Amino acid sequence: MIDSIPNPLADKGVQKDIKEKVDELMSRRVTSYNEGVADTIRRLVESAAKWGMSEGFRMGWRVHEVTEGGRR
């Protein structure tokens, strides 16, 4: 069993994925002139949070599968 789980943020691949996601979100244009700045920021932050949660779950699931938690 693994004694400690490494920090995924130290991984070069994870850092690259985060940079690509940030670049994607920063390049989005405001689609509605009626949408305020706060609404735009909220939408972008929500999108980033959903992506982060899904990626975190995916990584956690992999750790679970390769440790005793995945044994049947």
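Provided above is the structure to which this section pertains.
Given the structure is predicted, the values throughout are model-derived calculations rather than measurements.

S.K.: Please give an account of the overall build of the protein chain that cites residues and values.
M.R.: Check the secondary structure of the protein chain and you find two helices and zero strands. Within the protein chain, the fraction of its 72 residues that count as buried is 10%. Of the roughly 6400 Å² that the protein chain leaves accessible, carbon and sulfur atoms contribute 58%.

S.K.: Tell me about the pattern of salt bridges, and please be specific about residues and values.
M.R.: Scanning the entire structure with this criterion turns up four salt bridges. For Lys21, the salt bridge is made with Glu24, and the minimal N-O distance between the two is 3.5 Å. You can see Lys21 and its partner Glu24 sitting in helix H1 (residues 12-26), three residues apart, about one turn around the helix.

S.K.: Outline H1, listing residues and values.
M.R.: Spanning 15 residues, H1 covers 21 Å between terminal C-alpha atoms, matching the ideal 21 Å at 1.5 Å per step. Turning to H1, its buried residues are Val14, Lys21 and Leu25. Along the axis of H1, the buried positions cluster into a sector of 35 degrees, meaning they face one direction only. Residues Lys12, Lys16, Lys19 and Met26 are exposed on H1 and point more than 90 degrees away from its buried face.

S.K.: Mind laying out the packing of H1 against helix H2 (residues 37-66), listing which residues take part and the relevant values?
M.R.: At a minimum axis distance of 11 Å, the contact between H1 and H2 shows a crossing angle of 160 degrees. The angle between H1 and H2 places the two elements in the roughly antiparallel class. As H1 packs across H2, the resulting crossing turns out to be right-handed. In contact with Val14, Asp17, Ile18, Lys21 and Leu25 of H1, H2 contributes Leu44, Ser47, Ala48, Trp51 and Met59. Residue composition of the contact of H1 with H2, by class: seven nonpolar, one polar and two charged.

S.K.: I'd like a rundown of H2, residues and numbers included.
M.R.: Its 30 residues give H2 an end-to-end C-alpha distance of 44 Å, which sits within 8% of 44 Å, the value for a rise of 1.5 Å per residue. Three or more residues of H2 are buried, namely Thr40, Leu44 and Ser47. Buried residues belonging to H2 abut H1.

Cut-off values and rules
- Residues numbered from 1 in each chain as written.
- Predicted model: local features only at pLDDT ≥ 70, side-chain atom pairs only at ≥ 80, totals over all residues.
- Heavy atoms only, no water.
- Helix = DSSP H or I, 4+ residues; strand = E, 2+ residues; numbered from the N terminus.
- Buried < 20%, exposed > 50% of the residue type's maximum accessible area, 1.4 Å probe, protein only.
- Areas by Shrake-Rupley, 256 points an atom, 1.4 Å probe, with all protein chains shown as cover.
- Salt bridge = Lys/Arg side-chain N within 4 Å of Asp/Glu carboxyl O.
- Expected span 1.5 Å × (residues − 1).
- Arc of directions from axis to C-beta.
- Axes fitted to C-alpha atoms, helices over the stretch in contact; angles between N-to-C directions.
- Parallel < 35°, antiparallel > 145°, perpendicular 65-115°, else oblique.
- Left-handed = near helix turned anticlockwise from the far one by under 90°.
- Contact = heavy atoms within 4.5 Å.
- Nonpolar A, V, L, I, M, F, W, Y, C, P; charged D, E, K, R; others polar.

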